[in-house]
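Now for the letters of each chain:
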Amino acid sequence: MAIQSRYELNPADMPKQWYNVVADMPTPPQPPLHPGTGQPVGPDDLAPLFPMGLIEQEVSQERWIDIPEEVQNILAIWRPSPLYRARRLEKALNTPAKIFYKYEGSSPAGSHKPNTAVAQAYFNKVAGINKIATETGAGQWGSAMSFACKMFGMEVKVFMVKVSYEQKPYRRSMIRCWGGDVIASPSNTTHAGRSILEKTPDSTGSLGIAISEAVEVAATSADTNYCLGSVLNHVLLHQTIIGQEAIKQMAMAGEYPDVVIGCCGGGSNFGGLAHPYVQDKVNGKDVRIVAVEPSSCPTLTKGIFSYDFGDTAQMTPLVPAHTLGHDFVPPGIHAGGLRYHAVAPLTSQLLLSNLIEAESYPQIECFESAVTFCRSEGIIPAPESSHAIRQAIVEAMKAKEEGKERVILFGLSGHGHFDMSAYDAYFDGALEDDVMDEAGIASALKAIENLPKPVGYTGAPTK
Ligand SMILES: *Cc1c(COP(=O)(O)O)cnc(C)c1O
């Protein structure tokens, strides 16, 4: 018998409900506010952009929400996803720790993002919407949404951050393969795009700008809705199938994690893995849960907890979350995704409630860890996922120092097959580390200066 390193569930064990962490949070997140009136946003305010099925999930307090069968049937193309024990990595590190990872790179798009893309496409389809406008950074979300829309015979227009559009042509090609229409952002096809180009003709774009363009298209066309790949409650909800599966697979391996780790951009893969463990923690389990972000975009570790816009053009509702300011443009030298200026309100509130922790690392260490990982485990990680690997290795080395056995579970949110230019930059010594300084915090404070402040606002980084 070969030594078991992979733990597979049967198709019948795929979760049939999503887990809504709001039902178990001691302090639920504060409501988003209307950008014009400053009043809490109601379902009617969201109706121009989202179908009612998703709006209901966005505000739901129910603990469990059924996954429609049509959605399950498409998820079943690649789910349940595998859980691995990283035996060779343990050996390479010579650690007494047991390291497990939940791998989401086996989806058609190569990341966790199709988990929510399929659900979002479905709820739009049943509401009679056949066109979606959305944005994408490095192309993962745009490709996931194009795949999902094609499954339901829908059209999609993807605004792709210009620097990635030029540097990462293969995700652009994937979007086109699945029939999506992909446009470099800022573009001259929207007011938001044109006004940025007037001020900064050579703008390389940002997620905030691309969101403005996609929201504008959806808000001004009756037949088009908007989809977001992270941050919103319903997105994190759809990802909770990851953690539910992981809990069952860890039990198959006869283990329960001492620490659960996920990389964090907007918070969706982290929340997907973490929320089912947050439920356990609220119910008395002794488990640490760690969100890991890049030092060059350190939202949870250095951001200000405030109300802020989700986009640069200040069109979205104000959301209560850790933010670096809605006009934050991450340094161009940062290769590894996770570049959004804010984070999910759910993730922020869990941090404020001390149910999770946050850490940040510079990118070179993360690539170093990714290379250690692929040279022992085989899979080449997405640069985003390398942040979780870095933390897992730090935890494993701590276990070694302390001579303790420690069970570590991390989320491997995707593979890096379309990010090989970032690996080349690492091998060529062309990557630089950039750590946000006081000036970055001052500029975040300036961006939120005249915005409403949530309960818990301190006017300083909260970590
Ligand atoms: C998009 C993406 C992320 C970051 O987004 P979250 O919403 O924070 O999960 C992380 N890993 C991969 C592979 C991604 O595609």
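Everything below is about the structure printed above this text.
Residues numbered from 1 in each chain as written. Predicted model: local features only at pLDDT ≥ 70, side-chain atom pairs only at ≥ 80, totals over all residues. Heavy atoms only, no water.

Observations concerning helix 12 (residues 241-252)
Quick reminder: α-helices carry 3.6 residues per turn. Residues three or four places apart thus point the same way. Between the first and last C-alpha of helix 12 there are 17 Å, a value that for 12 residues agrees with the 16 Å anticipated at 1.5 Å per step. For helix 12, the full list of buried residues reads I241, I242, G243, Q244, E245, A246, Q249 and M250. Immediately downstream of helix 12, the backbone of G254 shows phi near 75 degrees, a positive value. (Helix = DSSP H or I, 4+ residues; strand = E, 2+ residues; numbered from the N terminus. Expected span 1.5 Å × (residues − 1). Buried < 20%, exposed > 50% of the residue type's maximum accessible area, 1.4 Å probe, protein only.)

Remarks on a negative patch on the surface
A grouping of E432, D433, D434, D437 and E438 is seen on the molecular surface, where their side chains present a negatively charged patch. Relative to the helices and strands, D433 is located in the loop between helix 18 (420-427) and helix 19 (438-448). For D433, a relative accessible area of 38% corresponds to the partly exposed category. (Patch = residues over 30% accessible without salt bridge, like charges linked within 9 Å, V, L, I, M, F, W, Y side chains within 5 Å. Areas by Shrake-Rupley, 256 points an atom, 1.4 Å probe, with all protein chains shown as cover. Salt bridge = Lys/Arg side-chain N within 4 Å of Asp/Glu carboxyl O. Lys, Arg positive; Asp, Glu negative; His and termini not counted. Charge placed at Lys NZ, Arg CZ, Asp CG, Glu CD.)

Points about the nonpolar core
Ranked by internal contacts, the top residues of the largest apolar core, which has 36 residues, are W18, V71, L75, V118, I132, M145 and F152. Among the secondary structure elements, those contributing two or more residues to this core are helix 3 (69-75), helix 5 (114-126), helix 6 (140-151), strand 7 (155-161) and helix 8 (169-177). If near-sequence neighbours (up to four positions away) are discounted, M145 is found in contact with A117, Q120, A121, I132, T134, V156 and C227. (Core = buried A, V, L, I, M, F, W, Y, C linked by side-chain atoms within 4.5 Å. Contact = heavy atoms within 4.5 Å.)

So, the site of the ligand
K113, S230, G265, S268 and S413 are the nearest of the 17 residues found near the ligand. The contact in question runs from an oxygen atom of the ligand to an N or O atom on the side chain of K113, over 2.6 Å. Across the complex, the protein chains shield 94% of the 380 Å² of accessible surface that the ligand would expose by itself. Residue classes in the shell around the ligand are distributed as 4 nonpolar, 11 polar and 2 charged. (Near = heavy atom within 4 Å. Polar contact = N/O pair within 3.5 Å; in protein donor to acceptor, adjacent residues only side chain to side chain. Nonpolar A, V, L, I, M, F, W, Y, C, P; charged D, E, K, R; others polar.)

Brief notes about the environment of Y103
In this fold, Y103 is placed in strand 5 (residues 98-103). Since its relative accessible area comes to 9%, Y103 is described here as buried. The contacts of Y103, once residues within four sequence positions are left out, are S81, P82, Y84, I379, L412, G414 and H415.

Re the pairing of strand 15 (residues 407-412)
For strand 15, the tally of buried residues reaches 6 of 6 residues, placing the bulk of the element in the interior. The alternating pattern of strand 15 places V407, L409 and G411 on one face and I408, F410 and L412 on the opposite face, and all of these are buried. Sheet topology places strand 10 (residues 259-263) next to strand 15; 3 bridges connect them, and they run parallel. When the sheet's bridge partners are listed, I261 is paired in strand 15 with F410. (Pairing = 2+ DSSP bridges.)

A closer look at the pairing of strand 11 (residues 288-294)
The element strand 11 is largely enclosed, with a buried count of 6 among its 7 residues. Pairing analysis gives 5 bridges linking strand 10 to strand 11, with the strands arranged parallel. Paired with I261 across the two strands is V290, which belongs to strand 11. Taking the sense of rotation as the criterion, the β-α-β connection linking strand 10, helix 13 (residues 268-282) and strand 11 turns out right-handed. As paired strands, strand 11 and strand 14 (residues 357-361) are joined by 5 bridges and run parallel to one another. Along strand 14, the bridge assignment pairs E293 with S360. (Right-handed = clockwise from strand over helix to strand, strands pointing away.)

As for the side chain of N20
Mapping N20 onto the fold places it in the loop between strand 2 (17-19) and helix 1 (43-46). A polar side-chain atom of N20 sits 2.9 Å from the main-chain carbonyl oxygen of E62. Leaving out residues up to four positions away in the same chain, N20 has contacts with S60, Q61, E62, R63 and L237.

Concerning the packing of helix 2 (residues 52-59) against helix 5
Close contact between helix 2 and helix 5 brings their axes to 7 Å; oriented N to C, the two are set at 125 degrees. Judged on the interaxial angle alone, helix 5 and helix 2 are oblique. Contacts between helix 2 and helix 5 involve G53, L54 and Q57 from the former and Q120, F123 and N124 from the latter. Considering only residue class, the contact of helix 2 with helix 5 consists of 2 nonpolar, 4 polar and no charged. (Axes fitted to C-alpha atoms, helices over the stretch in contact; angles between N-to-C directions. Parallel < 35°, antiparallel > 145°, perpendicular 65-115°, else oblique.)

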